[in-house]
Amino acid sequence: IDRLGVKPTVVGSSIGGVFATELALARPELVDRDDALDDTDHARLASTQDHQQLRDWWCAALTPPPARPALPTDHLRPPNVTGPADTLPFDWTSLLAVPATAELGEPHVVLLAAFQALLHHYDPADRIAVALPVSTRPEEFAGSVGPFENVVVVAADLTGEPTFRELVGRVRAALADALDHRALPFAELVAALPVDRVPHRVPFCDTVFVVREPAPPLRLAGTRAVRHPDRGGRSRADLTLAVDAGGGTGALGYRTDVFEASSAELLLEQLRTLLTVAVTAPDTPVPALPLADGDRLRATVRDADRVEDGGAPDDTANALVRRVAGRTPDAPALSAGGTHVSYAELRAGAARITAALGAVAGAPVVVRMASGPRQVTAVLGVLDAGAHLVCLGADEMGERGRAVLADLRPARLVLDGPAEGDPLAQWYAGELSGVVIDISDITDTAALTGDGAEPVPVTPADRAYVAYTSGSTGRPKGIPQSHATLAQFATWFSGEFRIGPGARLAQWAAPGYDAALCETFAALVAGATLCPVPDRIRAHPEKLVGWLAAERITHFQTVPSYAREVLRVVTSGGGVPADLGHLLLAGEALPGELAAGLRAALPSVRLVNLYGPTELILATWHEVTADGHGTVPVGRSIPGRQVLVVDEADRPRPAGVPGEIVVRSPYVTAGYLGAAAGERAAFRPLADDAGLGLSGACYRTGDRGRLRLDGTLEFLGRKDFQVKFKGIRLELGDLEATLSAHESVAECAVVAVPGANGLVSRLVAYVVPVRDPDGGAAGAAADWRGALRARFGKAMPPVMFRTLLGLPRNLGGKVDRRRLPDPGLPRTETATEPQSWAARDMALIWSEVGVDPAGADDGFFAAGGHSALVPRVLHLLRERTGVTVSVPEFFADPTPAGLAARVESRADPLTGIRTQH
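Note that the structure is a prediction, hence the values are computed from the model and not measured.

Here is what the cut-offs are and how they apply
- Each chain has its residues counted from 1, running along the sequence as written.
- Reporting in this predicted model follows two pLDDT cut-offs: at least 70 for local features of residues, and 80 or more for side-chain atom pairs to be given and counted; totals over whole chains, interfaces and linings ignore these cut-offs and use all residues.
- To obtain the side-chain values, all non-hydrogen atoms of the structure were used and water was disregarded.
- Two strands pair under a simple rule: DSSP has to find at least two bridges between them.
- Strands here mean DSSP runs of E at least two residues long; helices mean DSSP runs of H or I at least four residues long; both are numbered from the N terminus.
- A fitted line through C-alpha atoms represents every axis, and for helices the fit uses only the stretch in contact; the resulting angles, taken between N-to-C directions, go from 0 to 180 degrees.
- Throughout this description, the term salt bridge denotes a Lys or Arg side-chain nitrogen within 4 Å of a carboxyl oxygen of Asp or Glu.
- As a per-residue measure, pLDDT tells how confident the predictor is, with possible values from 0 to 100.
- Here, two residues are considered to be in contact whenever any of their heavy atoms come within 4.5 Å of each other.
- Here, nonpolar core means buried Ala, Val, Leu, Ile, Met, Phe, Trp, Tyr and Cys residues that are tied together by side-chain atoms lying within 4.5 Å of each other.
- With a 1.4 Å probe rolled over the protein chains alone, any residue whose accessible area is under 20% of its type maximum counts as buried; one over 50% counts as exposed, and the rest are partly exposed.
- Expected span of a helix: the number of residues minus one, times 1.5 Å.
- Handedness of a crossover is defined as follows: with both strands directed away from the viewer, a clockwise route from the first strand across the helix to the second makes it right-handed.

**Observations regarding the sheet that holds strand 26 (residues 713-718)**
Reasoning step 1: With respect to topology, four strands assemble into an open sheet ordered 23-24-25-26, the strand pairing being antiparallel. Two strands in the sheet have a free side with no partner beyond their single neighbour: strand 23 (642-646) and strand 26. With direction set aside, neighbouring strand axes in the sheet form an average angle of 50°.

**Here's the deal with the pattern of salt bridges**
Reasoning step 1: Here the structure, examined in full by the defined rule, presents 29 salt bridges.
Reasoning step 2: In this structure, Asp283 and Arg165 form a salt bridge, with 2.9 Å as the shortest nitrogen-oxygen distance. Pair noted here: Asp283 is in the loop between helix 7 (261-280) and helix 8 (294-303) and Arg165 is in helix 5 (residues 164-180), with a separation of 118 residues, a long-range link.
Reasoning step 3: A salt bridge links Asp244 to Arg212, with the shortest nitrogen-to-oxygen separation between them at 2.8 Å. A residue pair is termed long-range when its members are at least 10 positions apart, and Asp244 in strand 6 (residues 239-244) and Arg212 in strand 4 (residues 207-212) qualify at 32 residues.
Reasoning step 4: Within the structure, one salt-bridge network assembled from shared partners comprises Arg68, Arg77, Asp206 and Asp238.

**Concerning the confidence of the model for the protein**
Reasoning step 1: Overall, the predicted model of the protein reaches an average pLDDT of 81, with 79% of residues at or above 70.
Reasoning step 2: For the protein, per-element mean pLDDT is lowest for helix 1 (residues 15-26), which scores 57, and highest for strand 19 (residues 582-585), which scores 97.
Reasoning step 3: Across residues 1-13, confidence stays below pLDDT 50; counting only partners more than four residues off in sequence or on other chains, it has 39 contacts.
Reasoning step 4: Counted against residues more than four places away or in other chains, residues 908-917, with its pLDDT under 50, gives 18 contacts.

**With respect to the nonpolar core**
Reasoning step 1: Ranked by internal contacts, the top residues of the largest apolar core, which has 80 residues, are Phe164, Leu167, Phe186, Phe209 and Leu275.
Reasoning step 2: The biggest single contributor to this core is helix 4 (residues 107-122), with eleven residues.
Reasoning step 3: Contacts of Phe164, omitting those with residues within four sequence positions, involve Leu104, Val110, Ala113, Ala114, Ala278, Pro282, Thr284, Val286 and Leu289.
Reasoning step 4: Membership of the second largest hydrophobic core comes to 63 residues, among which are Leu346, Leu380, Ala523 and Ile638.

**With respect to helix 19 (residues 592-601)**
Reasoning step 1: Residues Gly592, Leu594, Ala595, Ala596, Leu598 and Ala601 constitute the buried set of helix 19.
Reasoning step 2: Where helix 19 is buried, its residues meet helix 18 (560-574), strand 19 and strand 20 (606-611).

**Structural notes on helix 4**
Reasoning step 1: With 16 residues, helix 4 extends 23 Å from end C-alpha to end C-alpha; this agrees with the ideal 22 Å at 1.5 Å per step.
Reasoning step 2: Most of helix 4 is tucked away, with 15 of its 16 residues classed as buried.

**Observations regarding the pairing of strand 18 (residues 555-558)**
Successive residues of a regular strand alternate their side chains across the two faces of the sheet.
Reasoning step 1: Of the two faces of strand 18, the one carrying His555 and Gln557 and the one carrying Phe556 and Thr558 are both buried.
Reasoning step 2: Relative to strand 19, strand 18 is paired through four bridges, and the arrangement is parallel. Bridge pairing in strand 19 places Phe556 opposite Leu583.
Reasoning step 3: In this view, the connection linking strand 18 to its parallel neighbour strand 19 by way of helix 18 has right-handed handedness.

**Concerning the environment of Thr803**
Reasoning step 1: Summarising the element assignment, Thr803 is placed in strand 31 (residues 799-803).
Reasoning step 2: Between the alpha carbons of Thr803 and Ala781 there is a distance of 9.0 Å; along the sequence they are 22 residues apart.

This is how it looks when you write it as structure tokens:
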């Protein structure tokens, strides 16, 4: 009977009950009469209940709609509606037998509340919804075989941090209300609500709660009937908690293509831990209910990679390069534009620059040069001089360049040309009395001999370089790193990603970004060839793909947004770089669909996702081996780092629970330099009240994340990248990922614009469109808005679009949001501009409620509006023009031109004030 595949129901007869009754009627001689079968408890359809009242009730109850709980899945969700499933049975009868449980009420209500409390820990939203299959079998169909099932949504209210006792009461009321209104078909419920529409997923049904009615007894003479447990099949839901009515037994169902079995076991353990405290101390606030005991928390900390030296070498990175030069002097160290530099030539050139620098040991030296062999030679020469290095690009001008030099006051400024042609160098020499070294006066690198200065001894603890980032205030922030950090990371990087003799690593990162130094030394300490990307190619994916092939590049590191452009070139016939073996992505979240596209287009390439702040170079890495939808995890700790997720009180979060990402490591920078030296909050030691051994240097990243149940880290974005719009929580990265996936979008950035009250009033998407062969944009705002609607459905907020030729980027290649144009008043490129005063007024009114009219004939709803905004628009219209427009009149022609015509027909042509209604 169970293998018929019918879901259990909350109320009413199951197919098993109908089948048993039919069998008893047909063959009464087989039935053991000691047990009468009763099939009279049927749910009744509310035939007299007004259908519209049902819709109205559900719309009111679920507005704004609760979001899907974000689950700590092991795998990116596959692009299919159903997946293979398995179950884990449990028997918590003794646990629910404590006296407090009887006070709380029915066991299935207590378990539902506990389930929703668990989901709240994973995703601390105001409301947590689960889907509930229910019976709708009318009395007249009592004896018919058929599912007669519907799905209702039970949304638990978790506002105000309720106690568990209070939550049970709220869940009981929500469950009763949902059952009272269960007659509205689920499809109509979804259509009536602004729910998120995600391809290949059923709204509200990622998590399901089921109450299993007792199996009807079937006693046949001479026959033993055995209940066959359902341990397989397929499931739409990622998680299904099934409990037996009236008892503490049940099973946790899970999709095996989303969760590993060990993770499902841990999840069930967390639910039991939470329930144990909840029923014994029901007045505990829900956020304080634990998911793990002390032993489990210690295991979580212990399982994170231990803080140790991470295999740090016994020498500095520049000394390791000299060793390679001694072993293989003729091996190619640098290659760019037909210029090839051997390791012997590189060492000799660095020695000449060391000699030219003079006595600078322990002092900062700035190398201000474009990418290329001469820049790398200068970098090595500065480190051999015992100085600590700061790199600036040759085009680093203006306030930022002066701010860095003023902050650092370097002993030397190294140029590849005369200072007379460099305003920044002239300012440095004049204002700071600095010494400028022009290495163009030194013999060409390829012809150098070894008559330079000897390297100055330094220790691993000495400062190697200072990387400048913009920081949260926009002022450059100096981040120093030691020789030990640089050497440890470079040797780990080259070893893990098989960089060695014969490998050719592209140096894509611009000078001034710490990734450029990491690329340089990861190649050179391993005897590989470093290939600096020419400046004229770096920003052009079409040229870069050809360059990768021509230079026979084996390792390429970039940011995901640029990798998306590379993918477009490759898939549009730009060719596949045949020698490429590793594609390393860092600096931004990696969307699952982009990872899948890269793996399909480059099947022989090892795809790696890296994460970490400049304050310790990088923290985690993850090899992408599976496709899916969502964001790719950032993996596990790099040796020498321990990544934890903590709450506001520095307590480690259990697996699955979001918090702030904190990295413990001896390689965390000692602190900022110059004007930012006093900023120590991010380096505050962990409190460690539980005695988990969390002392030592740490860095609080300000990033949100969580450890998945399998121990890998999931990046959830910056704290300031999550916004609320009209009660709905939004991740700006989700909107960016959706737009970036559109074929007409080259790249984009989405920002939130606050209103006068400080709340988000609208979102602005800065889009760089793909250009067609004639140079025109291949897409328009209507296309992009349609893509967002397909992804987010009615939950999509109004989004305004700005088209740009390119997004501003920082030295690391990431989008610099501070340099995006002022969003100003909502406008897009349009084919039909509003001409009349009234049409312009209508467009302005729309903009004030967050709707972007693309033109005079652009519809209100197509432009991002929704019905809840209509009263506000009509109020503003009446307030500004004195003209009253009714709701039916608005819907008759909801365009700036249509409304303008109504306003103009009723207003004084000179004053713009109405003369009549």
